[in-house]
Amino acid sequence: MAPALAWLTALMVVPCALVLALAFFRRGIYGGIEYTFTLENFGLVFDPLYAGIFLNSARIAGTATLIAVVIGYAAAYAIAAAPRRLQPVFLFFAVLPFWSNYLIRTYAWIVLLNREGLITQLLRWFGYTGEPPSMLYTEGAVIAGLVYNYLPFVILACYAPLSRLNPELAEASRDLGASAMTTFRRVILPLTVPGIAAGAVFVFVLSIGNFVTPALLGGGRFQMIGNLVYDQFLTANDWPFGAALAMALIAIMLLVLTAQALAADRAAGRIAEAKGGADG
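Residues numbered from 1 in each chain as written. Predicted model: local features only at pLDDT ≥ 70, side-chain atom pairs only at ≥ 80, totals over all residues. Heavy atoms only, no water.

A.B. asks: Please clarify how the environment of glycine 219 should be interpreted in this entry.
C.D. replies: By secondary structure assignment, the location of glycine 219 is in the loop between helix H11 (212-217) and helix H12 (225-234). For glycine 219, a relative accessible area of 40% translates into the label partly exposed. Put simply, glycine 219 and alanine 141 are 78 residues apart on the chain and 10.0 Å apart in space, counted from C-alpha to C-alpha. (Helix = DSSP H or I, 4+ residues; strand = E, 2+ residues; numbered from the N terminus. Buried < 20%, exposed > 50% of the residue type's maximum accessible area, 1.4 Å probe, protein only.)

What follows is the structure, encoded as structure tokens:
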């Protein structure tokens, strides 16, 4: 394990420790760092202005996560229900967007959503003659971009437990008189919670710290925490406050990962109980 631990220490632990150390210093008069110990940066994180940006970022990331989980789980369920020989093909198409650069995928949404884009042209082809709808540089555009870019993570995470699910469990449920919806709600869904939780964590963690999508699809109108951290380091030249914001963001991510781990452990216990009951 030594090479892996050394890699993690050099490229993850040490950089995070350096960022944490920066958060305890002051910004210089003309930028830079003044090596005077202070806790003001962490106190400023809880200022209503910046706390509001955190909450707004969490709301947007949570909305994108919910939409991605609903769409991704449905897609994974359909793929798992397809014939075995076709499942690799469907998975290939699910991850195909990853073959292109993130920026290219985001710019593609600009082509789709701008006032003279493909969606507007399609509406006019169907006979719409009114004012083109304003879709770009809106919160909806940001959420759509986040969902599109991170949806494959949810599909893959949900497909794994669905593909391993013992079909005899659903068959036994139907034999006992349960409807298809009841079987899904009380048998299939609880046993696939680890995949749902993993996919949700992927989308939420990557979305709440994202700064590219809000900048391009939001046009700078929607400030998210990732954009705020970016601006503090590269525009305001306030590295200590930017470091405090980054550490607060990391703390949120750790809380989400802890919640996901607890949910996965609880779901694993239910799976073990279900297997024990099936074997019995």
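A.B. asks: Any chance you could explain the packing of helix H5 (residues 102-113) against helix H7 (residues 139-164) here in plain terms?
C.D. replies: When two helices pack together, their arrangement is given by the angle between the helix axes and the distance between those axes. Where H5 meets H7, the closest approach of the two axes is 10 Å, and the angle between their N-to-C directions is 140°. Between H5 and H7, the interaxial angle falls into the category oblique. Pair H5 / H7 crosses with right-handed handedness. Packed against H5, whose contacting residues are Tyr102, Arg105, Thr106, Trp109 and Leu113, the element H7 presents Ala141, Ala144, Leu146, Tyr148, Asn149 and Tyr150 at the interface. (Axes fitted to C-alpha atoms, helices over the stretch in contact; angles between N-to-C directions. Parallel < 35°, antiparallel > 145°, perpendicular 65-115°, else oblique. Left-handed = near helix turned anticlockwise from the far one by under 90°. Contact = heavy atoms within 4.5 Å.)

A.B. asks: I would appreciate a short explanation of the nonpolar core in the present structure.
C.D. replies: Generally speaking, a soluble globular protein has its nonpolar side chains buried in company with each other. If you look at the biggest cluster of nonpolar residues, it comprises 34 residues, and the most contacted ones within it are Leu146 and Leu217. Among the elements of the structure, helix H3 (48-81), helix H4 (87-95), H5, H7, helix H10 (193-208) and H11 are those that each provide at least two residues to this core. If you tally residues by element for this core, the top one is H7, at 12 residues. By size, the runner-up hydrophobic cluster in this structure holds 23 residues, among which are Phe54, Phe204, Val229 and Ala248. (Core = buried A, V, L, I, M, F, W, Y, C linked by side-chain atoms within 4.5 Å.)

A.B. asks: Explain the packing of aromatic side chains to me, please; I cannot follow it from the model alone.
C.D. replies: When we look at a pair of aromatic rings, we describe it by the centre distance and by the angle of the planes. Overall, the coordinates contain 17 aromatic pairs when judged by the stated rule. Ring geometry for phenylalanine 25 versus tyrosine 35: centroids 5.0 Å apart, planes at 70°, classification edge-to-face. Here phenylalanine 25, found in the loop between helix H1 (2-22) and strand E1 (26-27), pairs with tyrosine 35, found in the loop between strand E2 (33-34) and helix H2 (40-45); they are 10 residues apart in sequence, far enough to count as distant. Accessibility expressed as a relative area gives 62% for tyrosine 35, which makes it exposed. Between tyrosine 50 and phenylalanine 241 the ring centres are 4.9 Å apart and the planes differ by 65°, which places this aromatic pair in the edge-to-face class. Here the residue tyrosine 50 occupies a position in helix H3, and phenylalanine 241 occupies one in helix H13 (residues 239-279), the gap between them amounting to 191 residues. (Phe/Tyr/Trp six-rings, centres within 6.5 Å; stacked < 30°, edge-to-face > 60°.)

A.B. asks: Hey, could you run me through the packing of H4 against H7 in this one?
C.D. replies: The contact between H4 and H7 brings their axes to 9 Å, and the two run at 150°. Relative to H7, H4 is oriented roughly antiparallel. Handedness of the H4/H7 crossing: left-handed. From H4, Gln87, Leu91, Ala94 and Val95 reach across to H7, where they touch Pro152, Ile155, Leu156 and Tyr159. Of the residues that constitute the contact of H4 with H7, the class distribution is seven nonpolar, one polar and no charged. (Nonpolar A, V, L, I, M, F, W, Y, C, P; charged D, E, K, R; others polar.)

A.B. asks: Where do I start with the environment of valine 89 in this structure?
C.D. replies: Structurally, valine 89 is set in helix H4. By relative accessible area, which is 38% here, valine 89 ends up partly exposed.

A.B. asks: Explanation requested: the UniProt feature "domain: ABC transmembrane type-1" (unreviewed entry) in the protein chain in the structure shown.
C.D. replies: Per the UniProt annotation, the sites labelled "domain: ABC transmembrane type-1" (unreviewed entry) are residues 54-262. Taken end to end, residues 54-262 comprises 77% helix and 0% strand; its first and last C-alpha atoms sit 24 Å apart. (UniProt positions renumbered as here; feature names shortened; annotations may be inferred.)

A.B. asks: Just checking my understanding: could you explain the UniProt feature "transmembrane region" (unreviewed entry) in the protein chain for this structure?
C.D. replies: UniProt feature "transmembrane region" (unreviewed entry): in the numbering of this structure it lies at residues 6-25, 37-55, 61-82, 89-110, 141-162, 183-208 and 239-263. With 100% helix and 0% strand, residues 239-263 has end C-alpha atoms that lie 36 Å from one another.

A.B. asks: What is the right way to look at the pattern of salt bridges in this model?
C.D. replies: In a structure, side chains of opposite charge can pair up when their charged atoms sit close to one another. Applying the stated criterion across every chain yields a total of two salt bridges. The salt bridge partner of arginine 26 is glutamate 40, with a shortest N-O separation of 3.2 Å. One end of the pair, arginine 26, is in strand E1; the other, glutamate 40, is in helix H2, and 14 residues separate them in sequence. Of the charged contacts, one joins glutamate 139 and arginine 59 as a salt bridge, the two residues approaching to 2.7 Å between their closest N and O atoms. Taken as a pair, glutamate 139 in helix H7 and arginine 59 in helix H3 lie far apart in primary sequence, 80 residues in all. For glutamate 139, a relative accessible area of 23% translates into the label partly exposed. (Salt bridge = Lys/Arg side-chain N within 4 Å of Asp/Glu carboxyl O.)

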